[in-house]
Amino acid sequence: MILESERAAVCAYARRMVGDGLVVGTSGNVSVRAGNLVAVTPTGVAYSAMTPADIAVVDLGGEVIDGELRPTSELPMHLSVYWDVRDPDQEPVTAVVHTHAPHATAVSTLVRELPPIHYMIAAVGPSVRVARYATYGTPELASAVLEALDGRRGCLMANHGTLTYGDGLEAAYHRAQQLEWACRVWLLAQGAGRPSLLPPPEIANVVDRLRGYGQG
């Protein structure tokens, strides 16, 4: 079976999305790129029952190379990220995570950009844009997401959910978690009063500091 480790990782992170409350049912999707091939979750399969053999492998044109199940309907969106997105720090773009996280989805219905409620918004970029609404699985949605991702590592999707990417599934998934957490904080603060927000220069400062964060 080709891309065996990548398919196993896609399964593991898809199940993790359910456990972490980022999706329900069969919503959301996960993919990993290895060279010119992409391992991606199939459409309409319960994550709890999914096995690595169920993960579709496609080329960058969307043709199925291996696997019996049809890939997610959001495949055009995933492929557009691999084709067109350039990471702000020139890191490889090798994983995409799309969630229907509840707090982030709620925020996507209220604003056009997530306000700078916390410095960890910088894990995504200097701001978090909301991609304009388009029907799921369409080229129009893929185009809207690409616009929102310009200079960013993630975005909200209006009335839909989130998309984050990274060099590897751990990085992409971590950004999805941070984005959902920041949206929850903003909703809590907004519900209690008028939250104070960080100024854009501070977010830009943290973006720069995060480039050297961790053990490297």
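Now for a look at the structure at hand. Every residue gets a number counted from 1 within its own chain, in the order that chain's sequence is written. Residues qualify for local features only when their pLDDT is at least 70, as the model is predicted, and side-chain atom pairs are given and counted only at 80 or more; totals for whole chains, interfaces and linings, by contrast, use all residues. Side-chain numbers here rest on the full set of heavy atoms in the structure, without hydrogens or water.

**Notes on the packing of helix 2 (residues 75-84) against helix 4 (residues 139-149)**
Where helix 2 meets helix 4, the axes come as close as 9 Å, and the angle between the chain directions of the two elements is 40°. Relative to helix 4, the element helix 2 lies oblique. The crossing of helix 2 and helix 4 is right-handed. Along the contact surface, helix 2 presents Pro 76, Met 77, Ser 80, Val 81 and Asp 84, while helix 4 presents Leu 141, Ala 142, Val 145, Leu 146 and Leu 149. In this classification, Asp, Glu, Lys and Arg are treated as charged, Ala, Val, Leu, Ile, Met, Phe, Trp, Tyr, Cys and Pro as nonpolar, and every other residue, Gly included, as polar. Here the contact of helix 2 with helix 4 is composed, by residue class, of eight nonpolar, one polar and one charged. Orientation is described by lines fitted to C-alpha atoms, with helices fitted over the stretch in contact, and by angles between N-to-C directions that extend from 0 to 180 degrees. Strands are runs of DSSP state E lasting at least two residues, helices are runs of H or I lasting at least four, and both sets are numbered from the N terminus onward. Throughout, the term roughly parallel applies to angles under 35 degrees, roughly antiparallel to angles over 145, roughly perpendicular to angles from 65 to 115, and oblique to all others. Crossing chirality is assigned from the near helix's rotation relative to the far helix, an anticlockwise turn below a right angle marking it left-handed and a clockwise turn marking it right-handed. Contacts are residue-level and defined by heavy atoms, with any inter-residue pair within 4.5 Å sufficient.

**Overview of unusual backbone geometry**
Backbone geometry follows two general trends: most residues other than glycine have a negative phi, and most peptide bonds adopt the trans configuration. You will see that Leu 3, though not glycine, has its phi angle at about 50°, which is positive. In this fold, Leu 3 is placed in the segment before helix 1 (4-19). Although it is not a glycine, Gln 90 sits at a positive phi angle of roughly 65°. For Gln 90, the position within the fold is in the loop between helix 2 and strand 5 (95-99).

**Thoughts on the pattern of salt bridges**
We count a salt bridge whenever a side-chain nitrogen from Lys or Arg sits within 4 Å of a carboxyl oxygen from Asp or Glu. Within the structure shown, the criterion is met by six salt bridges. Asp 87 is the salt-bridge partner of Arg 153, the closest N and O atoms lying 2.9 Å from each other. Taken together, the positions of Arg 153 in the loop between helix 4 and strand 8 (154-157) and Asp 87 in the loop between helix 2 and strand 5 put the pair 66 residues apart, joining distant regions of the chain. Each residue's exposure class comes from its accessible area (1.4 Å probe, protein chains only) as a fraction of the maximum for that residue type: buried when under 20%, exposed when over 50%, partly exposed otherwise. Classification of Arg 153 by relative accessible area gives buried; the value is 9%. Note that Asp 89 and Arg 153 form a salt bridge whose closest N and O atoms lie 2.9 Å from each other. Linking Asp 89 in the loop between helix 2 and strand 5 with Arg 153 in the loop between helix 4 and strand 8, this pair joins segments that are 64 residues apart in sequence. Residue classification places Asp 89 among the partly exposed positions, given a relative accessible area of 28%.

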